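In case you want the letters, here they are:
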Amino acid sequence: MCTRQPFWRGPQVTVLIGLDLSAAFDTVNNSILVERLQSEFGVTGKPLAWLQSYLEDRTQFVKLGLHQSPVVKLEVDVRLGSVIRPLLFAVYCSPVGDIITDHGVHYHQYADNTQLHLAMSVDNTTAGLAVLAACTADVRQWYLQNGLQLNPDKSEALVISTANQLCVVDSSASSVSVAGVDLPVAEDMKVLGVVLDRRLTFDKHVSMVARSCNYHAQAIRHIRHLLTTELAQTLA
């Protein structure tokens, strides 16, 4: 009797999904964040009190000339410009990692940038894509329950593998369902400043870096006559 192989065996492709959140830092509930610092990460005593004083009892108003709006107490938002802001957001969203791993999906997370990735068999992408669809649906529900908004239509999907395997899966994995929205598979995806392409050649990333370097080199050339000899030699 012939049995069908699980979706993670045999020749594989990897599906990478980049999730998009709306105004992520602006909707963090500070009370929940403080509770999560204590219950999930064991922050107590003076460190917890310091973070509470930093997050809570904050107000804001708008002033234009002699006119001022009423003072409003802030219940949400992590302070803009703070170096600890990405870390606090990661703390707030830490439970979503358990939801992702419960589906057998791997993930990378930095601040509000979250990427899901799952390897699946070339011959059985349907099962793997179903897992990702269920996973992203649960992730979206968790975000809603915690005051965050996932934008499935602004998220991105990329299939990564060899050229031969990509030819096989192009028809069966031309789109990826993310929280109920079918996303077309992209040719490349930018992740934390790095451009990933379908075969991981990094050709597009190299081209992007080269263009950026050329732009800045041209900018330096225009101001070279204003620089000291020592500074000009350093920049050269």
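Along each chain, numbering runs from 1 in the same order as the chain's sequence is written. It should be noted that, the model being predicted, local features are given only for residues of pLDDT at least 70 and side-chain atom pairs only at 80 or more, the latter also being counted only at that level, while totals for whole chains, interfaces and linings use all residues. Just so you know, side-chain values use all the structure's heavy atoms and leave hydrogens and water out.

### Overview of the overall build of the protein
In terms of helices and strands, the protein carries eight helices and 14 strands. Think of it in three bands: residues with accessible area under 20% of the maximum for their type are buried, residues over 50% are exposed, and the middle band is partly exposed, with areas taken using a 1.4 Å probe on protein chains only. A burial count over the protein gives 36% of its 236 residues as buried. Within the protein, residue pairs in contact and separated by at least 24 positions form 67% of the contacts whose partners lie at least 6 positions apart. Residue-level accessible areas treat just the shown protein chains as cover; the underlying method is Shrake-Rupley with a 1.4 Å probe. For the protein, the exposed surface amounts to about 14100 Å²; the carbon and sulfur share of it is 56%. Under the DSSP-based scheme used, a helix requires at least four consecutive residues in state H or I and a strand at least two consecutive residues in state E, with every element numbered from the N terminus. The contact definition used throughout considers only heavy atoms, calling two residues in contact when any of these lie within 4.5 Å.

### A few points about the packing of helix α1 (residues 30–41) against helix α3 (residues 85–92)
The description of two packed helices rests on the angle between their axes and on the distance between the axes. Closest axis-to-axis distance for the α1/α3 pair is 9 Å, and the angle between their directions is 70°. Looking at the two axes, α1 sits roughly perpendicular to α3. Seen from α1, the contacting residues are I32, L33, R36, L37 and F41; seen from α3, they are L88, V91 and Y92. Note on residue categories: nonpolar means Ala, Val, Leu, Ile, Met, Phe, Trp, Tyr, Cys or Pro, charged means Asp, Glu, Lys or Arg, and polar means any other residue, Gly included. Residues of the contact of α1 with α3, tallied by class, amount to seven nonpolar, no polar and one charged. Only C-alpha atoms enter the line fits that serve as axes; for helices the fit covers just the stretch in contact. Angles between N-to-C directions range over 0 to 180 degrees. Relative orientations are named as follows: roughly parallel for angles under 35 degrees, roughly antiparallel for angles over 145 degrees, roughly perpendicular for angles from 65 to 115 degrees, and oblique for any other angle.

### Quick word on a nonpolar patch on the surface
Where nonpolar side chains cluster on the molecular surface, the patch consists of L200, F202 and V206 and spans about 250 Å² of accessible area. With respect to the helices and strands, the residue F202 is situated in the loop between β14 (194–197) and α7 (203–223). Judged by relative accessible area, which is 32%, F202 ranks as partly exposed. Patch membership requires more than 30% relative accessible area and the absence of a salt bridge. Residues of like charge join within 9 Å; the nonpolar side chains Val, Leu, Ile, Met, Phe, Trp and Tyr join within 5 Å. Here, a salt bridge means any side-chain nitrogen of Lys or Arg that lies within 4 Å of a carboxyl oxygen of Asp or Glu.

### Considering the packing of aromatic side chains
Pairing of aromatic rings covers Phe, Tyr and the six-membered ring of Trp, with a centre-to-centre limit of 6.5 Å; geometry is then stacked below 30 degrees between planes, edge-to-face above 60, and tilted otherwise. Counted according to the given criterion, the structure contains two aromatic pairs. On the numbers, 5.6 Å between centres and 70° between planes, the contact of W142 with Y143 is edge-to-face. Considered together, W142 and Y143 belong to a single accessibility category, that of buried residues.

### Some details on the packing of α1 against helix α2 (residues 45–55)
The N-to-C vectors of α1 and α2 enclose an angle of 170°; their axes lie 10 Å apart at closest approach. Taken together, the axes of α1 and α2 are roughly antiparallel relative to one another. Residues N30, L33, V34, L37 and Q38 of α1 form the contact with α2, whose own contacting residues are L48, L51, Q52 and L55. Each residue belonging to the contact of α1 with α2 can be placed in one class, and the counts come to six nonpolar, three polar and no charged.

### What to know about the confidence of the model for the protein
If pLDDT is low for a region, its predicted coordinates should not be looked at in detail. This prediction gives the protein a mean pLDDT of 84; 90% of its residues lie at or above 70. What pLDDT reports is the predictor's confidence in each residue, on a scale of 0 through 100. Between residues 1–5, whose pLDDT stays under 50, and residues either more than four places distant or in other chains, the model counts four contacts.

### As for the pairing of strand β12 (residues 181–184)
Whether two strands pair depends on DSSP finding at least two bridges between them. Taken together, the four bridges between strand β11 (residues 175–178) and β12 define a ladder with antiparallel strand orientation. Opposite S175, over in β12, you have P184 as the bridge partner. Hairpin connection between β11 and β12: a loop of two residues separates the two successive antiparallel strands, and A179 in this loop has a positive phi of roughly 50°.

### Thoughts on the pattern of salt bridges
By the definition in use, this model includes two salt bridges. In this structure, R198 engages E187 in a salt bridge whose closest nitrogen and oxygen atoms are separated by 3.8 Å. With a gap of 11 residues between them, R198 in the loop between β14 and α7 and E187 in the loop between β12 and β13 (188–191) connect regions that are remote in the sequence. The shortest N-O distance in the salt bridge between D188 and K204 comes to 2.6 Å.

### Describing the environment of L183
Note on placement: L183 falls in strand β12. Separated by 29 residues in sequence, L183 and K154 have C-alpha atoms that sit 8.8 Å apart. When residues no more than four places from it in sequence are discounted, the contact partners of L183 are P152, D153, S155, E156, S174, S175, V176 and V178.

### Observations regarding α2
What α2 keeps buried is the set L48, L51, Y54 and L55. The buried residues of α2 occupy an angular sector of 120° when projected down its axis, which confines them to one face. Summarising the geometry of α2, the exposed residues directed more than 90 degrees from the buried face are G45, K46, W50 and S53. Where α2 is buried, its residues contact α1, β3 (58–60) and α3. Note on α2: the residue one or two positions beyond its end, D57, has a positive phi of about 55°. The directions considered for the arc run from the helix axis to the C-beta atoms.

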